[in-house]
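# Observations on the model geometry
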Number of protein chains: 2
Amino acid sequence: MSSVNISIIGAGSAVFSLRLVSDLCKTEGLYGSKVTLMDINQDRLDAVYILASRFAEEMNANLEFSKTTVLEEAIKGRDFVVNSALIGGHDFLDRVRAIGEKHGYFRGIDSQEFNMVSDYYTLTNWNQLSFFLKIAKLMERHAPDAWLLQAANPVFEGTTLIRRYSSIKMVGFCHGHYDVREVAETLGIPIEEVDWQVAGVNHGIWLNRFKRNGEDLYALIQKYAANYDPRRFKPINPFNVQMSPATIDMYRFYGLVPIGDTVRNSGWKHHYNQETLVKWYGAPWGSPDSEPGWQWYKEQLGQVTGATVALAKAIEQFPEASLEKLIVEGSRGLSGDFARQAAQLYNKNSLSGEQHIPFIDAIINDSSARFVLNTLNEGAIPGIEDNVAVEVPALVDREGIHTEAIDPPLPERIVKWYLKPRVLRMEWALEAFIERDSDLIVEILLKDPRTKSYEQAKAVVREIFETEGLSE
Amino acid sequence: MSSVNISIIGAGSAVFSLRLVSDLCKTEGLYGSKVTLMDINQDRLDAVYILASRFAEEMNANLEFSKTTVLEEAIKGRDFVVNSALIGGHDFLDRVRAIGEKHGYFRGIDSQEFNMVSDYYTLTNWNQLSFFLKIAKLMERHAPDAWLLQAANPVFEGTTLIRRYSSIKMVGFCHGHYDVREVAETLGIPIEEVDWQVAGVNHGIWLNRFKRNGEDLYALIQKYAANYDPRRFKPINPFNVQMSPATIDMYRFYGLVPIGDTVRNSGWKHHYNQETLVKWYGAPWGSPDSEPGWQWYKEQLGQVTGATVALAKAIEQFPEASLEKLIVEGSRGLSGDFARQAAQLYNKNSLSGEQHIPFIDAIINDSSARFVLNTLNEGAIPGIEDNVAVEVPALVDREGIHTEAIDPPLPERIVKWYLKPRVLRMEWALEAFIERDSDLIVEILLKDPRTKSYEQAKAVVREIFETEGLSE
């Protein structure tokens, strides 16, 4: 048992925080640890604090919780800092998207080729990127030996940025790779029997290895794709796109199956308008990155936030109530994903799927577990510069991160047609941010199929940056 | 005096051929050489043959001419093969451009970001690229020690292609860098006093060094740009764009002055439509890459072709006539560039500006002269792969090509925002050609601001490739 000091920045995101707390409660090797919850929203922070404390109590987990609204206090002397904060929240994303749409940019200017995810802003998210660096700089001063576990988007740009401009230990997380499971399930293969590997950049990863007992299971995928009938695809929610027509189309062009959010991150072919989105990602939503799909997601988030505060109030007023009962019964009204996630919180046999706590466990207790992590390339993917963050499998132990050899290597088709253009957009976005030069955002938009004139690009950037005070 | 065997493929281009012949006549170190003119157009070949022979006679140059319509005959046993042929001619370019415009692609689908030059097709020019490889393969068999001097466009794609897929000695030529002279003249500085360097890729070169006696002349450029008034820019012909508003705009963004055809090869900002072209490249044409600008160019070409055939007929009928008189007096009716070029043919003190003959002289007579050449990068420009053709200054002597160190190096702004995207487009175009996969051309068009739907891109590519029989 090794106790550590962990803090969660942006802990007001109740679902994320409770998933991590739940994982901690199921990881006895980290009992005795102190967990600091930090958020600038006092109400949500208070609610999550109450729920987290009660949750650990009911799980008989030896953990100690504290809360703060002050960033520095959540960093000083910590061993692990998890950052999940979204600066400006969804309101910021919505405002920027609305200005973009007003100027003719469907789904906003941050929706770009190979990065269509609706809360993964890379062009206008300067406050978010600044916050990433702020945490890193505070850690250099107040917790120089600590690990920064980056959960907040954009993970690709963020990981590259922090690793380039800071000396702290840092790694980026995403759970998109778990959708390998869905590929296996669809083909009727137990995931435990599969020898799989993914590689690429965050939200741009590809199933480069997919074998069982040495046999290449891509033969099955090929057959599946050959018989695929897009009319039979019926997603159960907007995020249910792993086996969508877009996936099959990408597989046919790129030669490997895109995994997780990669499916959403294709080019304009699948994203021109609502009709196109529905065609490629299924009715009625057309992916989470459509107007109705994103609306669905925000409604879910709203419900959860409401439920979180209500649950915390209930526990305060009726300390004798069982949180477990309240959560499991109360979440039945929620749709698919959230209900399943809520039920899983109390399931002792299964972790949440977030990798943060197992990662801490691997580092502290030397367990040598396998993860899919965002870390600097350093040769893992040939053709991509060493100082670019890639998302690859790695073993983690007390010594740190040991990236797996990517075998077989990613095909040239993916490196040349997908990763290199995506890396260039990352470089452009980071330069614009570092130089605080919104003219570079205009330049990026001049390469955008939605731009009809220089004046249009100039006008949309001016309005966004002035309205949001971003250039200051 | 070292006699060599030289052939010119596509010799029916009278201006180009006569410029080379004129240079040869003024290069006594190559007297005794044999020159083979090759073209599939018998009429134009005959005319050029008559004119070249008579020209050398009048110049008292010891050169021997032959002509052929058979490619192999122009290659076997040669020491230098100059290729200037455009397979399909301007008719092919015009047909493909027209189909593109019919489908909503202003100036045709081959007009792409950083490659807007109207006879520099990279997406549909498969016959041209095939011909490049055909020459190289014939040379491997029939003239393995000879040099291939590539003059035909696309020089960037062509040089990279031939160097990757053939073992012959090969170098690409362009005369765009001579516009450094116009930059110096505009600033009132004699070019002879300037220590200059350019670097980049063909039609994408930048003035990285511009000094006099150690003093950086960019201070003058900065002042010039600060006082630049776009309303005062009046081009004398469509090609007169070196000091156009587009140049100043590119200089402001990229930090260096674009040289020669690079000015034409900007992004969509300067190329959306005729109005935009006129704004950035001057009235009335708006660059050579506009409808009226290209029309102007083709009319000039037509006049010269007509004059060539007429001159040859005159010499045949009146063998006592002076070709010099006919050329110099006859060309007075032609506009600017061609009249000057015609007059220069007989000027013993000045070469044409084409680099091919001086290059041959440097190799054969070990003169160690300076050129600007297209050759594999091999580290000259950091950030660009070794096996990509770059355009850089080099000394040439009997040992071959010695690329200069690029000093100062190109700024990151140019490498990251201009060269890397241009290199990617070259890689995409070459892969499409090598794989004979027109779906890849569709994929390239999906990244094009003019594309509104996948169906549009698919339809234009299908029509072009079917009409022209390109996929066969």
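Residues numbered from 1 in each chain as written. Chains lettered and ligands numbered in written order. Predicted model: local features only at pLDDT ≥ 70, side-chain atom pairs only at ≥ 80, totals over all residues. Heavy atoms only, no water.

### A word on the overall build of chain A
- From N to C terminus, chain A includes 17 helices and 13 strands.
- In terms of C-alpha radius of gyration, chain A reaches 22 Å, essentially the compact-globule figure of 23 Å for 472 residues.
- The principal-axis extent of the C-alpha atoms belonging to chain A is close to 60 × 60 × 45 Å.
- When each of the 472 residues of chain A is scored for burial, the buried share is 60%.
- When contacts within chain A are restricted to residue pairs at least 6 apart in sequence, those whose partners lie at least 24 apart make up 70%.
- Here chain A has roughly 18,000 Å² of accessible surface; of this, 49% comes from carbon and sulfur atoms.
- Looking at chain A, you have 49 positive and 64 negative side-chain charges, and the mean spots of the two groups are 3 Å apart. (Helix = DSSP H or I, 4+ residues; strand = E, 2+ residues; numbered from the N terminus. Rg over C-alpha atoms; globule rule 2.2 N^0.38 Å. Buried < 20%, exposed > 50% of the residue type's maximum accessible area, 1.4 Å probe, protein only. Contact = heavy atoms within 4.5 Å. Areas by Shrake-Rupley, 256 points an atom, 1.4 Å probe, with all protein chains shown as cover. Lys, Arg positive; Asp, Glu negative; His and termini not counted. Charge placed at Lys NZ, Arg CZ, Asp CG, Glu CD.)

### Some thoughts on the pairing of strand 8 (residues 204-212) of chain B
Residue and element names in this part refer to chain B.
- Of all nine residues making up strand 8, seven are buried, and the element is well covered by its neighbours.
- Hairpin remark: strand 7 (residues 195-201) followed by strand 8, antiparallel, with two residues in the connecting loop; positive phi at His-203, about 65 degrees.
- Both strand 8 and strand 10 (residues 258-259) contribute to a ladder of two bridges, which runs antiparallel. The residue of strand 10 that forms the bridge with Ile-205 is Ile-259.
- Between strand 8 and the antiparallel strand that follows it, strand 9 (residues 215-216), lie two residues; Asn-213 among them carries a positive phi value of about 50 degrees. (Pairing = 2+ DSSP bridges.)

### Topic: the packing of aromatic side chains
- Inspection of the entire model under this criterion finds 40 aromatic pairs over all chains.
- Between Phe-55 of chain B and Tyr-346 of chain B, the ring centres sit 4.6 Å apart and the planes meet at 50 degrees, which makes this aromatic pair tilted. With Phe-55 of chain B in helix 2 (residues 42-58) and Tyr-346 of chain B in the loop between helix 13 (336-345) and helix 14 (356-365), this residue pair connects regions lying 291 residues apart in the sequence.
- Members of the aromatic cluster, each reached through a chain of ring pairs, are Phe-114, Trp-206, Phe-253, Tyr-254, Trp-417 and Tyr-418 of chain A together with Trp-428 of chain B.
- A cation over an aromatic ring shows up here: Lys-269 of chain A above the ring of Tyr-454 of chain B, its NZ or CZ 4.1 Å from the ring centre. (Phe/Tyr/Trp six-rings, centres within 6.5 Å; stacked < 30°, edge-to-face > 60°. Lys NZ or Arg CZ within 6 Å of the ring centre and 35° of its normal.)

### What to know about the nonpolar core
- Formed by 210 residues in total, the largest nonpolar core has its most connected members in Leu-207 and Phe-210 of chain A together with Leu-207 and Phe-210 of chain B.
- Residues contacting Phe-210 of chain A, with those up to four places away along its chain left out, are Val-183, Ala-184, Leu-187, Val-194, Asp-195, Trp-196, Glu-215, Asp-216, Leu-217, Tyr-218 and Ile-221 of chain A. (Core = buried A, V, L, I, M, F, W, Y, C linked by side-chain atoms within 4.5 Å.)

### Details of the pattern of salt bridges
- If you walk through the whole model with that rule in mind, you get 50 salt bridges over all chains.
- A salt bridge links Lys-102 of chain B to Glu-463 of chain B; the nearest nitrogen and oxygen atoms lie 2.6 Å apart. Of this pair, Lys-102 of chain B sits in helix 4 (residues 89-102) while Glu-463 of chain B is found in helix 17 (residues 454-467), placing the two residues 361 residues apart along the sequence.
- Judged by relative accessible area, which is 23%, Glu-463 of chain B ranks as partly exposed.
- Bridged by salt links that share partners, the residues Asp-94, Arg-97 and Lys-298 of chain A form one connected network. (Salt bridge = Lys/Arg side-chain N within 4 Å of Asp/Glu carboxyl O.)

### Focus: the relation of the copies chain B and chain A
- When chain B is fitted onto chain A, the two copies agree to an RMSD of 0.0 Å after a turn of 180 degrees and an axial shift of 0.0 Å. The superposition operator between the copies reduces to a two-fold rotation axis. Considering only C-alpha atoms, the part of chain B nearest the rotation axis is Pro-449 of chain B, at 1.8 Å.
- Counting the interface residues of chain B, we find that 100% of their copies in chain A are interface residues as well, pointing to one common contact surface. (Least-squares fit on C-alpha atoms with pLDDT ≥ 70 in both.)

### A word on the UniProt feature "binding site: substrate" (unreviewed entry) in chain A
All names here are of chain A.
- In the numbering adopted here, UniProt assigns the feature "binding site: substrate" (unreviewed entry) to Asn-153.
- Looking at the element boundaries, Asn-153 is found in the loop between strand 5 (147-150) and helix 6 (155-165).
- With sequence-adjacent residues up to four places away left out, Asn-153 is seen in contact with Asp-119, Tyr-120, Gln-128, Phe-132, Asn-202 and His-203. (UniProt positions renumbered as here; feature names shortened; annotations may be inferred.)

### With respect to helix 2 (residues 42-58) of chain A
Residue and element names in this part refer to chain A.
- For helix 2, spanning 17 residues, the distance from its first C-alpha to its last is 24 Å, which sits close to the expected 24 Å at 1.5 Å a residue.
- Among the residues making up helix 2, those that are buried are Leu-45, Ala-47, Val-48, Ile-50, Leu-51, Ala-52, Arg-54, Phe-55 and Ala-56.
- Here helix 2 starts with a cap whose side-chain oxygen sits 3.2 Å from the backbone nitrogen of Asp-43, and that cap is Asn-41.
- The positive-phi residue at the C-terminal boundary of helix 2 is Asn-60, with phi of around 55 degrees. (Expected span 1.5 Å × (residues − 1). Polar contact = N/O pair within 3.5 Å; in protein donor to acceptor, adjacent residues only side chain to side chain.)

### Side note on the interface of chain B and chain A
- Each partner contributes residues to the interface: chain B has 31 residues there, and chain A has 31 residues.
- Interface area lost by chain B to chain A is led by Tyr-272, Lys-416 and Trp-417 of chain B, which between them contribute 22%.
- The interface formed by chain B and chain A contains twelve residue pairs in polar contact (both at pLDDT 80 or more).
- Among the secondary structure elements, those contributing two or more residues to the side of chain B that touches chain A are helix 9 (245-254), helix 15 (412-435), helix 16 (438-445) and helix 17 of chain B.
- No other element matches helix 15 of chain B, which puts nine residues into the side of chain B that touches chain A.
- Its residues assigned to classes, the side of chain B that touches chain A shows 14 nonpolar, two polar and 15 charged. (Buried area = accessible area lost by both parts, 1.4 Å probe. Nonpolar A, V, L, I, M, F, W, Y, C, P; charged D, E, K, R; others polar.)

### Let's talk about the environment of Lys-458 of chain B
- Secondary-structure assignment places Lys-458 of chain B in helix 17.
- Sequence separation between Lys-458 of chain B and Val-442 of chain B is 16 residues; the distance between their C-alpha atoms is 5.8 Å.

### Quick look at the packing of helix 8 (residues 218-226) of chain A against helix 9 (residues 245-254) of chain A
Residues and elements named next belong to chain A.
- Orientation of helix 8 relative to helix 9, taken along the N-to-C sense of each, is 120 degrees, at an axis distance of 11 Å. For the element pair helix 8 / helix 9, the angle class is oblique. Two packed elements cross with a definite hand, and for helix 8 against helix 9 that hand is left-handed. Residues Tyr-218, Ile-221, Gln-222, Tyr-224 and Ala-225 of helix 8 form the contact with helix 9, whose own contacting residues are Ile-248, Tyr-251 and Arg-252.
- Partitioned by chemical class, the residues of the contact of helix 8 with helix 9 number six nonpolar, one polar and one charged. (Axes fitted to C-alpha atoms, helices over the stretch in contact; angles between N-to-C directions. Parallel < 35°, antiparallel > 145°, perpendicular 65-115°, else oblique. Left-handed = near helix turned anticlockwise from the far one by under 90°.)

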